[in-house]
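Coordinate analysis (summary)
The lines below spell out each chain.
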Amino acid sequence: MSHVVKLPTVEDTRDFGRRLAELLRAGDLVLLTGPLGAGKTALTQGIGAGLGVLGDITSPTFVIARVHRPDPGRGGRVALVHADAYRLGDATDPRAEIDDLDLDASVDDSVTVVEWGEGLVEQLVDAHLRVRIDRRDDDTRIVELDPIGGDWARRLAHLG
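Thresholds, definitions, all that
Residues numbered from 1 in each chain as written. Predicted model: local features only at pLDDT ≥ 70, side-chain atom pairs only at ≥ 80, totals over all residues. Heavy atoms only, no water. Axes fitted to C-alpha atoms, helices over the stretch in contact; angles between N-to-C directions. Helix = DSSP H or I, 4+ residues; strand = E, 2+ residues; numbered from the N terminus. Parallel < 35°, antiparallel > 145°, perpendicular 65-115°, else oblique. Left-handed = near helix turned anticlockwise from the far one by under 90°. Contact = heavy atoms within 4.5 Å. Nonpolar A, V, L, I, M, F, W, Y, C, P; charged D, E, K, R; others polar. Pairing = 2+ DSSP bridges. Salt bridge = Lys/Arg side-chain N within 4 Å of Asp/Glu carboxyl O. Core = buried A, V, L, I, M, F, W, Y, C linked by side-chain atoms within 4.5 Å. Buried < 20%, exposed > 50% of the residue type's maximum accessible area, 1.4 Å probe, protein only.

Section: the packing of helix α1 (residues 10-21) against helix α2 (residues 40-51)
Helix-helix packing: each pair is described by the crossing angle between the helix axes and the interaxial distance. Two elements in contact, α1 and α2, have axes whose closest approach is 6 Å; the angle formed by their N-to-C orientations is 45°. The orientation of α1 with respect to α2, classified from their angle, is oblique. Crossing handedness for the pair α1 and α2: right-handed. Contact residues: α1 offers V10, T13, R14, F16, G17, R18, L20 and A21, while α2 offers A42, L43, Q45, G46, I47, A49, G50 and L51. When its residues are assigned to classes, the contact of α1 with α2 shows 9 nonpolar, 5 polar and 2 charged.

Structure below.
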């Protein structure tokens, strides 16, 4: 069952990411989809803040993936791997390029958030959370969370 949230501002999107982070644990895969500028990176910034990781969360479009280690001084408890598969869409074999990122080496020990990863990274885990973000003309974001397997539906029920 999908969970839909309306977020009026970018800061609301970041705040929602912080709340979502409370539900996340090592081994979780979150797939973010939506058009350019929808708020995928803003949501990930909130997740990073909620997880208490080191470093600024910026779009990894040109580096493809970044690892943010937990900051114990900020209550950090798990690393965040933030990847962006947008530029891989034009590759002859984007799944091979995903394999080259070696995300499977860190997926068990981290929360892994992949922008534009739908259809490319689901095989990394048995269950994942698909998050679709759409931005309206007034900049309101409509966020739809789809639990795919595992205990995601139960966890999302606690999101409120």
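From this point, the narrative continues.
Here's the deal with the sheet that holds strand β6 (residues 128-135)
The mixed open sheet is built from 7 strands, whose spatial order is β1-β7-β6-β2-β5-β4-β3. A strand with exactly one partner marks an edge of an open sheet, and here the two such strands are β1 (3-7) and β3 (65-68). Across the sheet, the mean angle from the axis of one strand to that of its neighbour is 20°, orientation sign disregarded. In the sheet, β3 pairs with strand β4 (residues 79-84) via 4 bridges, with the strands oriented antiparallel. Residue pairing in the sheet places R66 in a bridge with H82 of β4. Here α1 sits on the sheet in contact with β1, β6 and β7 (141-148), set at roughly 20° to β7.

Brief notes about the pattern of salt bridges
On inspection of all chains with the given rule, the structure shows 10 salt bridges. Between D151 and R155 there is a salt bridge, with the nearest N and O atoms lying 3.1 Å from each other. Through salt bridges with shared partners, a single network forms among R25, D28, D151, R154 and R155.

Comments concerning the nonpolar core
Membership of the largest hydrophobic core comes to 28 residues, with the highest contact counts inside it found for I47, V131 and L145. The set of elements that each furnish at least two residues to this core consists of β1, α1, β2 (29-33), α2, β5 (110-115), β6, β7 and α4 (152-157). Once you skip the residues sitting within four places of it in the chain, I47 turns out to touch G17, R18, L20, A21, L24, L80 and V113. Counting residues in hydrophobic clusters, the runner-up holds 6 residues, among them L29, A85, V114 and V125.

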